Amino acid sequence: MTKKWTAEKLMLGVCYYPEHWSEELWDDDFQRMKDLGFTYVRMGEFAWTIFEPEEGVYSFDLFDRAIEKAHKLGLKTVLGTPTATPPAWLTHKYPDVLNVSQAGIPYQHGARRHYNYNSENYRRLSTAIVTEMAKHYGDNPGVVGWQIDNELNCEIDVFYSEADHLAFRKWAKEKYKTLEKLNKAWGTVFWNQTYTSWDQVYLTRITVPNSPNPHHMLDEKRFISDSAISYAKMQGDIIRKYTSNQWITTNGMFKHLDNHKLTNEVLDFYAYDSYPNFGRVLEDESEKPLRDRKWSWNLSVVRSISANFAIFEQQSGPGGWVTRLEQPSPNPGQLRLWTYQSIAHGADLVMYFRWRTATKGTEIYWHGINDYHNLPNRRIKEVEQVSKEVHLIGEKVVGANYQAEIAILTNYDNEWDGEFDKWSGPFASISKEAWFKALQYNHVPVDAYNLNKNSNVEELKKYKVLVYPHAAIVSEETADLLKEYVNQGGKLIVGCRTGYKDETGQTYMKAFPGYLADLTGITLEDFTREAPFEATPMVMYKETAKLETNHFYEVLKVHDDNKTEVIGKFSNCYFEGNPALVKRQHGEGTCYYFGGVFTIELAEKLIEETQINNYKNKFDLPESVELSIRKKEGKEFVFLLNYSHEPQEIDVKQEMTDILTGERIYQKVRMKAYDVLVLE
Ligand code: GLA
């Protein structure tokens, strides 16, 4: 289920911290934002002590003045609740609000996100500040929306305070009702972990060896996610009570948080903070690294939450903290490219982080569009160009939907289980990346689709092809849904390590892939990880190509039902000649099972095999150019993004209009380094 948010046109904005600057600068700052064509400004998300200098004493003057000045110029404010940074007076008086490491050491005041979601004091004090802010700003015409907190689960995504341990016990009690059921779900009979009283139940603690019970670890992540959601919901409910026309969202996408559920239960739409510049410094030894283009996958996941979304923090310069010499300066054209990367994937509002580089604190090297000196610079010039263009195309493109015929499935249980299960989790990331690269480099637009309790066959049927690389956990219910999808004509592609666990993370006592055995037409006879000092098996694909493999192998037994065709066989190993890749008809559709980990090459073969549209009839594009399509009222807008530092030649096979320049485009066109074309 994805949420739809409607804006009137594409819009730009910026994050601003009035509390960081002399008030004499404000007028000029807001005026220049306006002159740049910005519509939105985000403020307030770290300013708790300014709003509440001491417990129960509130002061809104500073932000009242800032919001009013912005509003007078037509700038709309998004107001953040300031709970990501609890005040010193608060943590000093109520130390139980602090988050604590697994080893029991509290995180102290001095940076941010040092609180926990379950402290009663923190909930009470958060309720108070959010209530006062919502009452005060609920009908302020300058405030159009709210950001709850800032980047839930960023910086730290595990919580072990006393309050968390107690809340977890309660959560486990509600989930399992009896200790007998909990013991069964966590398989505590193994290594004598059986609990005989609820008081013995904690979140995971440091163990010998430090590899706690895996079923317990999986539940811990579910609990952390539920805690963050219930904390956000507490804030959302207050804001809704005191406001009428203001929307509610939050920003970021971090681990141990079911952002789909969060959005469904609390938010109007989802917002993301996009920092593709991280991609340029990632240690990535894989084949054909994606670099900044990796963020196109993140944006696809964001789109699976809200079809149209907002970027609350768009990279606007080099980045790092005082303690982190990290990201280089964007090359000329890259800020523009990254802004369009967000828009191409479904963003209708993009706010840059931040207006001006901070002159104090941890982030003095996290550059804003303005430098410390506040004089004109290259980044402002580039944003000026983007802004002009966005105004030009804003009404046309806003609300248009990203077009994809294929989706890669995601699922929180598998993601969380896979974090510590090294026999499946890493393969899921490797295969997802191989598929994403193959699709990107072959210009096949792809969605992420989150498989969850609300998923239904109608939603899945929007896609001709679904790829679910190594879902270890597949319940009977999920298996039935996938079967129905294939039955009704879908093409499903799965890889090794599929379907062998239930929802507790325990393995089935069934031949693998468990409930998917009849759909896939195979069961496993045997499996092995790659043997490090031995020859690596190969796969003979359709007797035409010998493909390299890696990591993990399964010896498949094909069920003899005439519907299963072997299209790949292993070689160069003791299971030489055994099926590696099988294709099975089921109802109107097809299921593919690969007993290994996907590579770019194999994904490319399967893209060809499943005949997904690669737009080759319309364009001839080099690998470095990404193709995305957004469609509205029958009109398609094609975004072509060149991630290369070199110019690229493309071929547009049917005449189109470049809506950024109004020029007609046909046949050979040269794209400059980092250039963007938007064609209609
Ligand atoms: C995050 C935060 C911002 C800022 C930037 C840059 O995304 O939300 O407050 O810290 O990163 O580090």
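Since the model is a prediction, treat every value here as computed from it, not as a measurement.

## What to know about the sheet that holds strand β22 (residues 625-632)
Okay, step 1: A sheet is described by the order of its strands in space; here four strands give the open sequence β9-β22-β23-β26, paired in antiparallel fashion. Only two strands of the sheet have a single partner each, and these edge strands are β9 (401-402) and β26 (676-679).
Okay, step 2: Here helix α12 (residues 378-397) sits on the sheet and contacts β22 and β23 (635-642); the angle it forms with β22, its principal contact strand, is near 55 degrees.

## Some thoughts on the pattern of salt bridges
Okay, step 1: In total, this model carries 42 salt bridges according to the counting rule given.
Okay, step 2: With a shortest N-O distance of 3.2 Å, D28 and R32 are connected by a salt bridge. One end of the pair is D28 and the other is R32, both in helix α1 (residues 26-35) and four residues apart, which spans about a single turn.
Okay, step 3: Between K221 and E419 there is a salt bridge, and its shortest N-O distance comes to 3.6 Å. Of this pair, K221 sits in helix α8 (residues 214-242) while E419 sits in helix α13 (residues 412-420), placing them 198 residues apart in sequence.

## Quick look at α8
Okay, step 1: With 29 residues, α8 should reach 42 Å at 1.5 Å per residue; the first-to-last C-alpha distance of 43 Å fits that figure.
Okay, step 2: Of all the 29 residues making up α8, 21 are buried; the element is thus mostly covered by neighbouring parts of the structure.
Okay, step 3: Here α8 starts with a cap whose side-chain oxygen sits 2.8 Å from the backbone nitrogen of H215, and that cap is N213.

## Concerning a nonpolar patch on the surface
Okay, step 1: Residues V189, F190 and W191 make up a contiguous nonpolar surface patch of roughly 420 Å² in combined accessible area.
Okay, step 2: The residue W191 is located in the loop between α7 (179-185) and α8 in this model.

## Side note on the UniProt feature "domain: Beta-galactosidase trimerisation" (unreviewed entry) in the protein
Okay, step 1: Summarizing the sequence annotation, UniProt attributes the feature "domain: Beta-galactosidase trimerisation" (unreviewed entry) to residues 404-610 in the numbering used throughout.
Okay, step 2: Note that residues 404-610 is 27% helix and 30% strand, and that its end C-alpha atoms are spaced 14 Å apart.

## Some thoughts on the packing of helix α6 (residues 162-176) against α8
Okay, step 1: At their nearest, the axes of α6 and α8 sit 10 Å apart, and the two run at 105 degrees to each other. Overall, the two elements α6 and α8 adopt an arrangement that is roughly perpendicular. From α6, D164, A167, F168, W171, K175 and Y176 reach across to α8, where they touch H216, D219, E220, R222, F223 and D226.
Okay, step 2: Grouping the amino acids of the contact of α6 with α8 by side-chain chemistry returns five nonpolar, one polar and six charged.

## Some points on the packing of aromatic side chains
Okay, step 1: This model, assessed by the stated rule, comprises 43 aromatic pairs.
Okay, step 2: Centre to centre, the rings of Y16 and F30 are 5.2 Å apart; their planes meet at 65 degrees, and the pair counts as edge-to-face. Here Y16, found in the loop between β1 (11-15) and α1, pairs with F30, found in helix α1; they are 14 residues apart in sequence, far enough to count as distant.
Okay, step 3: Here F30 falls in the buried class, since its relative accessible area comes to 0%.
Okay, step 4: Summarising the aromatic geometry, the rings of Y500 and F512 are spaced 5.3 Å apart at their centres and angled 45 degrees between planes, so their arrangement reads as tilted. A residue pair is termed long-range when its members are at least 10 positions apart, and Y500 in the loop between β13 (491-494) and α17 (517-520) and F512 in the loop between β13 and α17 qualify at twelve residues.

Here is what the cut-offs are and how they apply
- Residues numbered from 1 in each chain as written.
- Predicted model: local features only at pLDDT ≥ 70, side-chain atom pairs only at ≥ 80, totals over all residues.
- Heavy atoms only, no water.
- Pairing = 2+ DSSP bridges.
- Helix = DSSP H or I, 4+ residues; strand = E, 2+ residues; numbered from the N terminus.
- Contact = heavy atoms within 4.5 Å.
- Axes fitted to C-alpha atoms, helices over the stretch in contact; angles between N-to-C directions.
- Salt bridge = Lys/Arg side-chain N within 4 Å of Asp/Glu carboxyl O.
- Expected span 1.5 Å × (residues − 1).
- Buried < 20%, exposed > 50% of the residue type's maximum accessible area, 1.4 Å probe, protein only.
- Polar contact = N/O pair within 3.5 Å; in protein donor to acceptor, adjacent residues only side chain to side chain.
- Patch = residues over 30% accessible without salt bridge, like charges linked within 9 Å, V, L, I, M, F, W, Y side chains within 5 Å.
- Areas by Shrake-Rupley, 256 points an atom, 1.4 Å probe, with all protein chains shown as cover.
- UniProt positions renumbered as here; feature names shortened; annotations may be inferred.
- Parallel < 35°, antiparallel > 145°, perpendicular 65-115°, else oblique.
- Nonpolar A, V, L, I, M, F, W, Y, C, P; charged D, E, K, R; others polar.
- Phe/Tyr/Trp six-rings, centres within 6.5 Å; stacked < 30°, edge-to-face > 60°.

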